[in-house]
Amino acid sequence: MIAQEQPLKETLESLCLMLERELSSAICSVMLANDTGTHLEFIAGDRLPAAFRSAIQRILISANNGACGSAAYQGATVICANIAEDERWRGYHGVSKQAGLASCWSSPVYGGEGQLVGTIAVYYPKPSTPGSADTVRIEKAAGLMALAVERFQVRSSLEESEQRYRSLFTHHPDAVFTLDEAGCFVTANATCASLTGYSVEEMLGKPFTFFIAEQDVTRVEAYIETALQGGIDRYELTLKDRAGRLHQLDIIHLPMVVHNTVQGVHAIAQEVTAARQQESRLRILERSVEASVNGIVIADAGQPDLPIVYANKAFTLITGYRQEEIIGKNCRLLQGPGSDPAVIQRIRACINEQKDVNVTICNYRKDGTLFWNDLYIAPVRDQDDQVTHFVGVQQDISEHKAYEARLAHNASHDDLTRLPNRTFFEEMLLKQFSRLGKDKKRLAVLFVDLDDFKPINDNLGHAVGDQVLVEVARRLINAVRPEDTVARMGGDEFVILQTAINDESDVVDLVERLLPMLARPYRIESQELYLTASIGIAMSQPDTLQPQTLIQQADMAMYKAKQQGRNAYEWFTHAFTDTVSERMVLRNDLQEAIEREEFALHYQPLMNREGKLAGVEALLRWEHPDKGFISPARFIPLAETTGQIIPISEWALQRACQDMQSLAQQGLGKIRVAVNLSPLQFQRSNFLATLRQTLLTTGLPAEQLSLELTEGILTDNAEGAIDTLHALRSMHIGVSIDDFGTGYSSLSYLKDLPISTVKIDRSFINELTNSYDDAAIVQGIISMAHHLGLKVVAEGVETEEQYQRLLGYQCDIFQGYLLAKPMPLEALETFIAHLSP
Ligand SMILES: Nc1nc2c(ncn2[C@@H]2O[C@@H]3COP(=O)(O)O[C@H]4[C@@H](O)[C@H](n5cnc6c(=O)[nH]c(N)nc65)O[C@@H]4COP(=O)(O)O[C@H]3[C@H]2O)c(=O)[nH]1
């Protein structure tokens, strides 16, 4: 039974029975010593009465404690021949008597190592002592008991150890398995099943390589072989699960050694797929950070003063600091005097609040040069949401900033002179005005307009004009204090803002320095040019509400200065607000009219001596949306001074040509049209080119076009004008001298000019019938002109008497209200249609 490894109690009960059979009328029991050797615990002796069994269930091992306690204590057999009289049984007399037990012999039992195992006891219903044969039997039983208990203890500890290891195997979170010498599964824990998708039963007996991705099989077989030779290996492989998914495993192979021989392979496999993916992601991220063109720094949030723990290559390129110079330092070493404290404060606040922040800050490189940093800082949190680091991503946007600054400068500055423009000037004016305190300081706006600049521009070309303007700008800048502002308003107009002035004398000081300074000769391309300026001044008054009005007032004052003779200055007074401002309003209206194309052309017929149509004169009409018809005699001189005449005239020429083409297309004949030319237009270098272009685009034959110019145009720029006239003649374009008689030119002067017609000014015709002088002049002009081969047009013919007189003087062509008034194109169509053939 001991060999069969029955449960211990059963074995010991059998032992008791065996002894009882050998000792007639005896009842046997067995007690086992506890682990600490202080007590005995009842285990076998079922024939003892229950009450007694319970009384001796657990007893102390001591000198006089019944037969068993005493025997275990003394280490020798104790014979209690008469329990009732035995002092060692004190406390048990009652229960033993009740159980009918009169004597007891107990022997201690020792194991192989001499350790106390327990006691074996024999009870008799009568007082008795053992004979020698009894003693031998008891000792034999004690020996068997020792053997049984020891075998039991060995088996229990084996089982325990087996369970421990099994538990480790079963519950191990990694896949734990063993392979036999052929490399097939012998054992596999649950993790193996969940990893492969096969049940443990399905796995057992299958070769390990069955589950391995093809490319790894040879390598894995070699590792198994090494383990079978007693080697230990750690390696990674790719496992293919039942669904075909791949898993990355970290494997440890150990030899399974039994009785000193390797009988297989133990293996532990840990899934590292996620970790490897993570590692690969980290590698890519690290590479991206390293290769990024943006500077990237990482600061440790766990250490005081956020030291930098990483900086990429771009950071070193941007800042000039090498990694080792920056690691351990705080990023503020990039800051400097130009770093905006408000921006720094914002960065600090966001770092304290552990928030993202994006700022543009002025930083400094190691060599002290400045760069603009578009900086983005973000906290990095761990799994517990604690900020461990801050990442700073920086981009050097210096070039972009410079570009922005250039754009801003361009938007607020004049390209040519690099002076501030009108917008900038107005902003500055507002700013300075708002700063005017109660200290009675004032502002002055000086409007500077160059006298006679246009001829320079027109005659010498824009390149020369531009150089003059640049020089004027330079002189103005040199004349003012640094706190004053000089701006170019456009064309040849400049403005100066004089700040913090005490009284008029401060302004007079400046103006009286300025005028001679501007009048000094200008040496441009080896020529000396002379020009002066007219200056208008407006000063802020205690009741000035809108500083912008100072600009208008100074402009008005400048006109006044011009009227008073040039190279002069004039103060603004409210007295001339009305007339000048009217002019200014008109100027603005004119600009709008050009943009909105509010102009129209009317045509006045010119009749020959036979009463037939000799041609028409194109006359501009401006129908102002609010003010109604505005006479060309009013707006054309103004447009001449502002240069606005150029687009207006070009439009008129184009329209006249188109209209004549339209008449021809309607079968109303090839009507010759006379178009007025402005001096400015005539003197422009591209005048002929524009003219050719207009004829080309409209298709009007050059012979149908005639240009009217005043004498002034010819005398102002004689040489250039004559060349232009020859060019016109060669193009077959007719030229008439308008308003003839009012200027200084004589007919003999006209003799060499390639012109075809003279138009006698209306004032002479007007007086023709009243004044002998005028009649004589008209008569003289006509006969002299005929002598020179020129045709004569009389304009302003209002009466029959004038007409008859002119007919008598052999005048060729007649124009005037008597014959026809200027009319729109539609009326002209009717007019021509009704003329007798
Ligand atoms: N009292 C009176 N006046 C008569 C009579 N017959 C014609 N007129 C007016 O005399 C002017 C003749 O034109 P202008 O001497 O070239 O004088 C023109 C011309 O110098 C200028 N002008 C008109 N159209 C243009 C144009 O397209 N370009 C340029 N540059 N100047 C133009 O404006 C000036 C005035 O033009 P308008 O007011 O249209 O005045 C026109 C015409 O309406 C008449 O019997 N009695």
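Structure's up top.
This one's a predicted model, so the numbers in the text were calculated from it and none came from an experiment.

Asker: In this structure, what is going on with the site of the ligand? I would like to understand it.
Answerer: Surveying the vicinity of the ligand reveals 21 residues, the closest of which are Asn676, Asp738, Arg762, Glu798 and Tyr817. The contact in question runs from an oxygen atom of the ligand to an N or O atom on the side chain of Arg621, over 2.9 Å. Between an oxygen atom of the ligand and a side-chain N or O atom of Asp738, the distance comes to 2.8 Å. Protein chains shield 84% of the accessible area of the ligand, which is 790 Å² for the free molecule. Taken atom by atom, the bulk of the ligand overlaps the second largest pocket. Of all the secondary structure elements, the ones that give two or more residues to the shell around the ligand are strand E25 (613-624), helix H20 (632-642) and strand E29 (734-740).

Asker: Just checking my understanding: could you explain the packing of helix H21 (residues 645-665) against helix H23 (residues 687-698) for this structure?
Answerer: Two numbers describe a pair of packed helices, the interaxial angle and the distance between the axes. Their axes nearest at 9 Å, the elements H21 and H23 cross at an angle of 30°. Here H21 lies roughly parallel to H23, going by the angle between them. Of the two elements, H21 crosses H23, and the hand of that crossing is right-handed. Packed against H21, whose contacting residues are Glu650, Leu653, Gln654, Cys657, Gln658 and Gln661, the element H23 presents Thr690, Leu691, Thr694, Leu695, Thr697 and Thr698 at the interface. Looking at the contact of H21 with H23 residue by residue, the class counts come to 4 nonpolar, 7 polar and 1 charged.

Asker: Quick question: what am I supposed to make of the pattern of salt bridges here?
Answerer: Evaluation of the coordinates by the stated rule reveals 40 salt bridges. In this structure, the salt-bridge partner of Glu41 is Arg58, at a minimum N-O distance of 3.2 Å. Remark: Arg58 occurs in strand E3 (residues 58-60) and Glu41 occurs in strand E2 (residues 39-44); sequence separation between them is 17 residues. Glu41 sits in the partly exposed class, given a relative accessible area of 33%. On the basis of relative accessible area, Arg58 is assigned to the partly exposed category, the value being 47%. Ionic contacts of the salt-bridge type, sharing partners, join the residues Arg322, Glu324, Glu325 and Lys366 into one network.

Asker: Explanation requested: helix H1 (residues 8-22) in the structure shown.
Answerer: Helical periodicity: at 3.6 residues per turn, an α-helix aligns residues three or four positions apart in one direction. Given a rise of 1.5 Å per residue, 15 residues ought to cover 21 Å, and the 21 Å separating the end C-alpha atoms of H1 matches this to within 8%. Restricting attention to buried positions, one finds in H1 the residues Leu8, Thr11, Leu12, Glu13, Leu15, Cys16, Leu19 and Glu20. Where the residues of H1 are buried, they touch strand E1 (27-33), E2, strand E6 (116-124) and helix H5 (132-171).

Asker: Sorry, what's going on with the packing of helix H15 (residues 453-460) against helix H16 (residues 462-479) here?
Answerer: Look at H15 against H16: their axes get within 6 Å of each other, and the N-to-C directions meet at 140°. The residues of H16 that touch H15, namely those facing Phe453, Ile456, Asn457 and Leu460, are His462, Val464, Gly465, Val468 and Leu469. Partitioning the contact of H15 with H16 into residue classes produces 6 nonpolar, 3 polar and no charged.

Asker: Explain the layout of surface pockets to me, please; I cannot follow it from the model alone.
Answerer: In this model, the second largest pocket occupies a volume close to 1000 Å³. As for the second largest pocket, its lining consists of 36 residues, and the residues nearest its centre are Glu617, Leu619, Pro632, Asn676 and Asp738. Elements that contribute at least two residues to the lining of the second largest pocket include exactly strand E24 (599-608), E25, H20, H21, strand E27 (673-676), strand E28 (705-710) and E29. Partitioning the lining of the second largest pocket into residue classes produces 17 nonpolar, 9 polar and 10 charged.

Asker: Teacher, can you tell me more about unusual backbone geometry here?
Answerer: With glycine set apart, most residues show a phi of negative sign, and most peptide bonds adopt trans. At His732, a position not held by glycine, the phi torsion is positive, near 70°. Summarising the element assignment, His732 is placed in the loop between helix H25 (718-730) and E29. What makes His732 exposed here is its relative accessible area of 52%. Even without being a glycine, Gln810 presents a positive backbone phi close to 70°. By the element assignment, Gln810 lies in the loop between helix H29 (800-808) and strand E32 (813-815). Among the residues examined, Gln810 registers a relative accessible area of 43% and is labelled partly exposed.

Asker: Help me out: how do you make sense of the pairing of strand E22 (residues 533-539) in this one?
Answerer: Along a regular strand, successive side chains alternate from one face of the sheet to the other. By the criterion of burial, E22 is predominantly enclosed, with 7 of the 7 residues buried. The two faces of E22 match: Ala533, Ile535, Ile537 and Met539 on one face and Ser534, Gly536 and Ala538 on the other face are all buried. Taken together, the 3 bridges between E22 and strand E23 (residues 569-571) define a ladder with parallel strand orientation. Residue pairing in the sheet places Gly536 in a bridge with Glu570 of E23.

Asker: What is the right way to look at the state of the cysteines in this model?
Answerer: The bond known as a disulfide is covalent and runs between the sulfur atoms of two cysteines. In the structure shown here, the tally under the stated rule is 0 disulfides. Left without a disulfide partner, Cys104 is nearest to the cysteine sulfur of Cys68, which lies 5.3 Å away. With relative accessibility at 0%, the residue Cys104 sits in the buried group.

Conventions adopted
- Residues numbered from 1 in each chain as written.
- Predicted model: local features only at pLDDT ≥ 70, side-chain atom pairs only at ≥ 80, totals over all residues.
- Heavy atoms only, no water.
- Near = heavy atom within 4 Å.
- Polar contact = N/O pair within 3.5 Å; in protein donor to acceptor, adjacent residues only side chain to side chain.
- Areas by Shrake-Rupley, 256 points an atom, 1.4 Å probe, with all protein chains shown as cover.
- 1 Å grid on protein atoms, 1.4 Å probe; cavity = no way out; pocket = protein on both sides within 12 Å on 5 of 7 lines; lining within 4 Å.
- Sits in = over half its atoms within 2 Å of the grid points.
- Helix = DSSP H or I, 4+ residues; strand = E, 2+ residues; numbered from the N terminus.
- Axes fitted to C-alpha atoms, helices over the stretch in contact; angles between N-to-C directions.
- Parallel < 35°, antiparallel > 145°, perpendicular 65-115°, else oblique.
- Left-handed = near helix turned anticlockwise from the far one by under 90°.
- Contact = heavy atoms within 4.5 Å.
- Nonpolar A, V, L, I, M, F, W, Y, C, P; charged D, E, K, R; others polar.
- Salt bridge = Lys/Arg side-chain N within 4 Å of Asp/Glu carboxyl O.
- Buried < 20%, exposed > 50% of the residue type's maximum accessible area, 1.4 Å probe, protein only.
- Expected span 1.5 Å × (residues − 1).
- Points joined across faces, edges and corners; volume = space filled by probe spheres on them.
- Pairing = 2+ DSSP bridges.
- Disulfide = S-S within 2.5 Å.

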